[in-house]
Amino acid sequence: MPTSPAGRTGRPPVQRAARRPAVGRAVRDNPVRTFVTRARKAWDRPLTAYYVILGGSALITVLGLVMVYSASQVTALQMSLPGSYFFRKQLLAAVIGAVLLFVAARMPVKLHRALAYPILAGAVFLMALVQVPGIGMSVNGNQNWISLGGSFQIQPSEIGKLALVLWGADLIARKQEKRLLTQWKHMLVPLVPVAFMLLGLIMLGGDMGTAIILTAILFGLLWLAGAPTRLFVGVLSVASLIGLVLIKTSPNRLDRFACVGSTDVTKCWQAVHGIYALASGGLFGSGLGASVEKWGQLPEAHTDFIFAVTGEELGLAGTLSVLALFAALGYAGIRVAGRTEDPFVRYAAGGVTTWIVAQAVINIGAVLGLLPIAGVPLPLFSYGGSALLPTMFAIGLLIAFARDEPAARAALAMRQPRFGRKRASAFAAGRGTGRKPERSAGRKPGRSFRRDSGGGVGRGSGAGSGQGPRRWNTMRRRASAARSSGER
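About the criteria used
- Residues numbered from 1 in each chain as written.
- Predicted model: local features only at pLDDT ≥ 70, side-chain atom pairs only at ≥ 80, totals over all residues.
- Heavy atoms only, no water.
- 1 Å grid on protein atoms, 1.4 Å probe; cavity = no way out; pocket = protein on both sides within 12 Å on 5 of 7 lines; lining within 4 Å.
- Points joined across faces, edges and corners; volume = space filled by probe spheres on them.
- Helix = DSSP H or I, 4+ residues; strand = E, 2+ residues; numbered from the N terminus.
- Nonpolar A, V, L, I, M, F, W, Y, C, P; charged D, E, K, R; others polar.
- Disulfide = S-S within 2.5 Å.
- Buried < 20%, exposed > 50% of the residue type's maximum accessible area, 1.4 Å probe, protein only.
- Pairing = 2+ DSSP bridges.
- Axes fitted to C-alpha atoms, helices over the stretch in contact; angles between N-to-C directions.
- Patch = residues over 30% accessible without salt bridge, like charges linked within 9 Å, V, L, I, M, F, W, Y side chains within 5 Å.
- Areas by Shrake-Rupley, 256 points an atom, 1.4 Å probe, with all protein chains shown as cover.
- Salt bridge = Lys/Arg side-chain N within 4 Å of Asp/Glu carboxyl O.
- Polar contact = N/O pair within 3.5 Å; in protein donor to acceptor, adjacent residues only side chain to side chain.
- Contact = heavy atoms within 4.5 Å.
- Expected span 1.5 Å × (residues − 1).
- Bend = angle between axes of the 7 residues up to and from the residue.
- Parallel < 35°, antiparallel > 145°, perpendicular 65-115°, else oblique.
- Phe/Tyr/Trp six-rings, centres within 6.5 Å; stacked < 30°, edge-to-face > 60°.
- Core = buried A, V, L, I, M, F, W, Y, C linked by side-chain atoms within 4.5 Å.
- Left-handed = near helix turned anticlockwise from the far one by under 90°.

### A few points about the layout of surface pockets
What the second largest pocket holds in volume is close to 610 Å³. Taken together, 26 residues form the lining of the second largest pocket, with Met208, Ala211, Ile212, Thr215 and Gly243 sitting closest to its centre. It is helix 12 (residues 229-248) that provides the largest number of residues to the lining of the second largest pocket, a total of eight residues. Tallied by class, the residues present in the lining of the second largest pocket amount to 19 nonpolar, five polar and two charged.

### Brief notes about the state of the cysteines
When the sulfur atoms of two cysteines share a covalent bond, that bond is a disulfide. This structure, assessed with the given rule, holds one disulfide. Disulfide partner of Cys259: Cys268, at an S-S distance of 2.1 Å. Since a negative S-S torsion denotes a left-handed disulfide, the Cys259-Cys268 link at about -90° is left-handed.

### Section: the environment of Tyr276
Its location among the elements puts Tyr276 in helix 14 (residues 269-281). The exposure class of Tyr276 is partly exposed, given its relative accessible area of 40%. Through-space distance from the C-alpha of Tyr276 to that of Val309 is 10.0 Å; in sequence the pair is 33 residues apart.

### Things to note about the sheet that holds strand 3 (residues 152-154)
The strand order across the open sheet built from three strands is 1-2-3, with neighbouring strands paired in antiparallel fashion. Each having just a single partner strand, strand 1 (136-139) and strand 3 make up the two edges of the open sheet. When strand polarity is set aside, the average angle formed by the axes of neighbouring strands in this sheet is 55°. Sheet topology note: the strand 2 (residues 142-149)/strand 3 ladder contains three bridges and is antiparallel. For Ser147, the partnering residue across the bridge sits in strand 3 and is Gln153.

### Focus on a nonpolar patch on the surface
A grouping of Leu92, Ile96, Leu100, Leu148 and Phe152 is seen on the molecular surface, where their side chains present a nonpolar patch of about 440 Å² in accessible area. The element best represented in the nonpolar patch is helix 5 (residues 85-106), accounting for three residues. When you line up the elements, Leu92 lands in helix 5.

### Quick word on the side chain of Asp207
Topologically, Asp207 is positioned in the loop between helix 10 (191-204) and helix 11 (208-224). Only 3.5 Å separates the side chain of Asp207 from the backbone nitrogen of Gly209, close enough to count as a polar contact. With sequence-adjacent residues up to four places away left out, Asp207 is seen in contact with Asn142, Asn144, Gln155, Ser157 and Ile202.

### A short note on helix 4 (residues 48-78)
For helix 4, spanning 31 residues, the distance from its first C-alpha to its last is 45 Å, which sits close to the expected 45 Å at 1.5 Å a residue. The largest bend along helix 4 measures about 45° and falls at Ser72. Directly beyond the C-terminal end of helix 4, a positive phi value near 60° is found at Ser80.

### Overview of the packing of helix 8 (residues 156-177) against helix 10
Look at helix 8 against helix 10: their axes get within 11 Å of each other, and the N-to-C directions meet at 175°. Comparing the axis directions of helix 8 and helix 10 gives the class roughly antiparallel. On helix 10, the residues that touch Ser157, Gly160, Leu164, Trp167, Gly168, Leu171 and Ile172 of helix 8 are Leu191, Val194, Ala195, Leu198 and Ile202. Broken down by class, the residue content of the contact of helix 8 with helix 10 amounts to nine nonpolar, three polar and no charged.

### Description of the pattern of salt bridges
This structure, assessed with the given rule, holds five salt bridges. Between Asp170 and Arg113 there is a salt bridge; the shortest N-O distance is 2.8 Å. Here the residue Asp170 occupies a position in helix 8, and Arg113 occupies one in helix 6 (residues 109-114), the gap between them amounting to 57 residues. We classify Asp170 as buried; its relative accessible area is 0%.

### A word on the pairing of strand 2
Where strand 1 and strand 2 come together, four bridges link them in antiparallel fashion. Its bridge partner being in strand 2, Ser138 is matched across the sheet by Gln143. The hairpin formed by strand 2 and strand 3 contains two residues between the paired strands, and Gly150 there has a positive phi angle of roughly 70°.

### Overview of the packing of aromatic side chains
Applying the stated criterion across every chain, the model contains seven aromatic pairs. A centroid spacing of 5.1 Å and a plane angle of 70° characterise the contact between Tyr69 and Phe87, whose relative ring orientation is edge-to-face. With Tyr69 in helix 4 and Phe87 in helix 5, this pair connects stretches of sequence that are 18 residues apart. Ring plane angle 85° and centroid distance 6.5 Å describe the contact between Tyr117 and Trp167, whose orientation is recorded as edge-to-face. Of this pair, Tyr117 sits in helix 7 (residues 116-129) while Trp167 sits in helix 8; the two residues are 50 residues apart in sequence, bridging distant segments of the chain. The exposure class assigned to Tyr117 is partly exposed, which follows from its relative accessible area of 42%. The buried category is assigned to Trp167, whose relative accessible area is 4%. Among the aromatic residues, those joined into a ring-pair cluster are Tyr85, Phe86 and Tyr383.

### Topic: the nonpolar core
Of all hydrophobic cores here, the largest spans 112 residues; its most connected members are Ile53, Leu191, Leu222, Ile395 and Phe401. Sort the elements by how many residues they give to this core and helix 16 (residues 343-367) lands first, with 13 residues.

### Structural notes on the packing of helix 7 against helix 8
Taken N-terminus to C-terminus, the directions of helix 7 and helix 8 make an angle of 150°; their axes are 8 Å apart at the nearest point. As judged from the angle between their axes, helix 7 and helix 8 are roughly antiparallel. With respect to the hand of their crossing, helix 7 and helix 8 are arranged in left-handed fashion. Here Ala116, Tyr117, Ile119, Leu120, Ala123, Leu126 and Met127 of helix 7 lie close against helix 8, whose contacting residues are Pro156, Ser157, Ile159, Gly160, Ala163, Leu166, Trp167 and Asp170. Residues belonging to the contact of helix 7 with helix 8 are distributed by class as follows: 12 nonpolar, two polar and one charged.

Here's what the structure looks like:
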């Protein structure tokens, strides 16, 4: 006859608690997953895009000032100028750009839309003025500059980028409000003709790189507007055909395409020495100011090829930091464009993000030998006030749009100094009770508060007078705990 386990030992069997699965504990204690979860929560906060755009652009600009000072000293000395000549000009442009950024960040969206047409008219006028003999001037073979006297020059085509973003965003937003974007003619006209007019004025001066950036902005606006694939194919075909003709008819542009991935230093001097600078940097670089290629070997070391000098002096760590900052800036711009309900904000934020990211990709790709040298500066980083000022104004646009999100507005409205919050809460407490708020250290004898029988807070016999809750006196609370319920 079988016996139970309790019958053998005389004791009931021990009930063991069920073990938790080890997998769940491992998942909960996984540091990588914890970090990812916290990063997602931090990124979903209302002001994250605002801080990323502001902080990322500020870091890129400051690091660019440092590298401009390091990369331009040799060039300045070769021109019999002080070593800090280009740095001082860039610093002045950065200060003016910071003012423009602050103004743009504080301007309402309606004012940005109102400025779209004046900025476009001014850009077209200046770009046409470049072609007037005696006014426009040529730099490195491109007739795209206007001299302001002395050593100060402006490049109107940089203003044309900002003009196309603002005007194109306002135009598409108005057509969307009238529900006209379902017709292909309203989507293309007059956006594409005006964009081609700007491209024509730029190509008259021979600046192929800026024309590519404007084309990228045009395609970005059309994509955000929901243009069908056949329209993209049509516009891209026309732009590609025009670009092919311009490349075939220019030996200089053909040579630039031939230098993609080339190691022939005799024909591709600038491209090959840019690779030399990056290769000699190593992991952490040779040190700030210790570049060798900037001593006459690398042309345009402080403008178009400043990323190569950064790689040589700061190494792989420095270049990856710059790439991470641009990636964060671009991702934050996409977030602003994707979360807004205002069509103008969506198109303008998308246009600015396309502009900055496309220009950074073209510049860095040329330095790495993956793309032809287009002659465009690295945004916020390379030397050049004409490129820095419109770009910083565009960053101010993104900051204004990030602040304009409903959740961001609510979060900014709740931000007050700690002292101000205390004063506000004390004032609200005093106003609710009909008298000034009392402090615990300043109470009169016999005015301490205790709990009444109904769970409220009262003073003396007036416990049920409806007054708000007060802080208890510690000794009164201890004494009331020792009393019986009938003495309350």
